[in-house]
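Structural features, examined
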Amino acid sequence: MARVMRSCIQSILKLVNSVIGMAGLAMILYSAWMIRVWQRKMGELPFGHDSDYPPPWFIYTFLGLGVTFCVITCSGHVAAETANGCCLYLYMVFVVLLLMLEAAVSVDAFLNRDWKEDFPKDPSGNFDQFKNFIKTNYKMCKWIGLSLVSVQGFSLLLAMILKALGPHQYYDSDDEYAPDRVPLLKNAPPPYVVEQYGYGPKNDAWIGVNNKTNR
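In this text, all values refer to a predicted model and were calculated from it rather than measured experimentally.

1. A few points about the overall build of the chain
Within the chain, the regular secondary structure consists of seven helices and zero strands. A separation of at least 24 residues holds for 74% of the contacts in the chain among residues at least 6 apart in sequence. When the accessible surface of the chain is split by element, carbon and sulfur atoms take 65% of a total near 15800 Å².

2. Regarding the environment of Cys-8
Here Cys-8 lies in helix H1 (residues 2-42). Sequence-wise, Cys-8 and Leu-162 are 154 residues apart; in three dimensions their C-alpha atoms are separated by 10.0 Å.

3. Quick word on unusual backbone geometry
The phi angle at Ala-83 is positive, at roughly 55°, despite the residue not being glycine. As for its position among the elements, Ala-83 is in the loop between helix H2 (57-82) and helix H3 (85-111).

4. What to know about a nonpolar patch on the surface
A cluster of nonpolar side chains, contributed by Ile-12, Phe-154, Leu-157 and Ile-161, occupies part of the molecular surface with about 320 Å² of accessible area. Top contributing element to the nonpolar patch by residue count: helix H5 (residues 138-165), with three residues. Along the chain, the position of Leu-157 falls in helix H5. Classification of Leu-157 as partly exposed rests on a relative accessible area of 43%.

5. Quick look at the packing of aromatic side chains
In total, this model carries eight aromatic pairs according to the counting rule given. An angle of 55° between the planes, with centres 5.1 Å apart, marks the rings of Trp-57 and Phe-127 as tilted. Highlighted residues: Trp-57 in helix H2 and Phe-127 in helix H4 (residues 126-136), separated in sequence by 70 residues. Accessibility expressed as a relative area gives 16% for Trp-57, which makes it buried. With a relative accessible area of 11%, Phe-127 lands in the buried category. Relative to Phe-62, the ring of Phe-58 lies with its centre 5.3 Å away and its plane at 50°, an arrangement referred to as tilted. One end of the pair, Phe-58, and the other, Phe-62, are both in helix H2, four residues apart, so they sit about a helical turn from each other. When sorted by exposure, Phe-58 lands in the same class as Phe-62, which is buried. Counting every residue linked through ring pairs, the aromatic cluster contains Tyr-30, Trp-33, Trp-57, Phe-58, Phe-62, Phe-127 and Phe-130.

Calculation criteria
Residues numbered from 1 in each chain as written. Predicted model: local features only at pLDDT ≥ 70, side-chain atom pairs only at ≥ 80, totals over all residues. Heavy atoms only, no water. Helix = DSSP H or I, 4+ residues; strand = E, 2+ residues; numbered from the N terminus. Contact = heavy atoms within 4.5 Å. Areas by Shrake-Rupley, 256 points an atom, 1.4 Å probe, with all protein chains shown as cover. Patch = residues over 30% accessible without salt bridge, like charges linked within 9 Å, V, L, I, M, F, W, Y side chains within 5 Å. Salt bridge = Lys/Arg side-chain N within 4 Å of Asp/Glu carboxyl O. Buried < 20%, exposed > 50% of the residue type's maximum accessible area, 1.4 Å probe, protein only. Phe/Tyr/Trp six-rings, centres within 6.5 Å; stacked < 30°, edge-to-face > 60°.

By themselves these figures say nothing about function.
What follows is the structure in structure tokens.
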């Protein structure tokens, strides 16, 4: 029963973890699109150190978040497949840190009215476009954000349950109790064979004794 439950939790954790991976891939693709737009407007890539323009921090942030989501997804798949304690602990630490970061940003946005001033000016203009898109589609973005946070919390809960169940225990069919009932061959005593009278091979000394007795 525990083995079936563990397999189900592993499959669910992989499925839920894939949602985080898809969000990370979407962020990376959006970052690639923003890099392409920047290159088209400025005539150079945004990663040059000798650029005359300030660095587009919004592109860096989105790309870093996408890569982070993908790394968390990979570690979650490894942890779900192996059910190893160290991998599960590492995955849970990643998810907890991500949730803490998201909570800090959300609290700052809700409590600080001038939260926009905390960010530097984005020369690419993508930050302003992103804000306008969120304002225009606030309900959709709100449900997407809540769904993503819920998926992260659910994956954390599944990882904790899988850690509590412990790793796999493999048994080799009927050999489970073999060491307790079957001795090692090298320590086993030699077999003791009792031969019945009149049967089996007899040596010369035995034949000589029988002949003297019969005389």
